[in-house]
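# Chain and residue survey
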Amino acid sequence: MKALTFPKSHRLLRPSDYSKVFDDVQLKVPHRNFLILAAPNNLGHARVGLIFSKKNLKLAVQRNRIKRQVRETFRVQKDLPGLDIIVLGRQGLAQLDNDSVKSSLNDLWRRVRKKYHQSPANQKAVNLKGTS
């Protein structure tokens with residue numbers, strides 16, 4: 001059952017963790033219903049933080065449903081790079097059913113990996129490793 005866990009080490013827990021990402025956004029992946037902001041970390045694995053406002057999702061049950069979906073899709077991603085990721089919700093999210101949310105998020109995780117591997121900062125790191 002260990003494979004089904006979502007440990008604290010994979011979450012952004014403190015306000016300073018969120019601030020680091022907001023202050024140094026290196027990847028931005030937009031979507032009609034979500035926005036993903038990410039910054040590299042030195043941990044070797046990805047961490048996720050969630051921001052869903054009452055303005056966009058009026059009811060707590062709606063916010064909690066979307067948060068569960070984000071956590072679950074993040075948890076099953078095996079090959080995300082070492083990034084601190086913040087997922088923000090946008091308007092129109094409450095009208096989506098669970099299958100639509102899940103497919104949108106899986107597409108977003110794929111786009112995060114793709115953008116990370118195409119980013120200039122990552123290319124420099126790869127080149128430096130290759131010359132050692």
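In this text the structure is predicted, and so the values were computed from the model without any measurement.

For a regular strand, the rule is simple: side chains alternate between the two faces of the sheet. Counting buried positions over the seven residues of strand β4 (residues 83–89) gives seven, a clear majority of the element. Covered by surrounding structure in β4 are Leu83, Ile85, Val87 and Gly89 together with Asp84, Ile86 and Leu88, the residues of both alternating faces. In terms of strand pairing, strand β2 (residues 34–40) meets β4 through seven bridges, oriented antiparallel. Within β4, the position partnered with Pro40 by the bridge is Leu83. Direction of pairing for strand β3 (residues 47–51) relative to β4: parallel, over a ladder of five bridges.

In this section: helix α2 (residues 60–75). The first and last C-alpha atoms of α2 sit 22 Å apart over 16 residues, in line with the 22 Å expected at 1.5 Å per residue. The complete set of buried residues in α2 reads Gln62, Arg63, Arg65, Ile66, Gln69, Val70, Thr73, Phe74 and Arg75. Contact partners of the buried residues in α2: β2, β3, β4 and α3 (98–118).

The subject of this paragraph is the environment of Asn41. Along the polypeptide, Asn41 turns up in the loop between β2 and β3. Note on Asn41: relative accessible area 12%, which makes it buried. Sequence-wise, Asn41 and Val21 are 20 residues apart; in three dimensions their C-alpha atoms are separated by 9.4 Å. From its side chain, Asn41 meets the backbone oxygen of His45 in a polar contact 3.1 Å long.

Next up on the list: the pairing of strand β1 (residues 27–30). Of the two faces of β1, the one lined by Leu27 and Val29 is fully buried and the one lined by Lys28 and Pro30 carries no buried residue. Pairing geometry for β1 and β2, over four bridges, is antiparallel. Within the sheet, the bridge partner assigned to Val29 lies in β2 and is Ile36. Remark: three residues form the turn of the hairpin made by β1 and β2, two consecutive strands paired antiparallel.

A few words on the confidence of the model for the protein. When pLDDT drops low, the exact placement of atoms in the prediction is not to be read closely. For the protein, per-residue confidence averages 86 on the pLDDT scale, and 87% of positions sit at 70 or higher. Across the protein, β3 holds the top mean pLDDT of 94, while helix α4 (residues 120–131) sits lowest at 52. Across residues 124–132, where pLDDT falls below 50, the model places zero contacts with residues more than four positions away in sequence or in other chains.

Analysis parameters
Residues numbered from 1 in each chain as written. Predicted model: local features only at pLDDT ≥ 70, side-chain atom pairs only at ≥ 80, totals over all residues. Heavy atoms only, no water. Buried < 20%, exposed > 50% of the residue type's maximum accessible area, 1.4 Å probe, protein only. Helix = DSSP H or I, 4+ residues; strand = E, 2+ residues; numbered from the N terminus. Pairing = 2+ DSSP bridges. Expected span 1.5 Å × (residues − 1). Contact = heavy atoms within 4.5 Å. Polar contact = N/O pair within 3.5 Å; in protein donor to acceptor, adjacent residues only side chain to side chain. pLDDT = per-residue confidence, 0-100.

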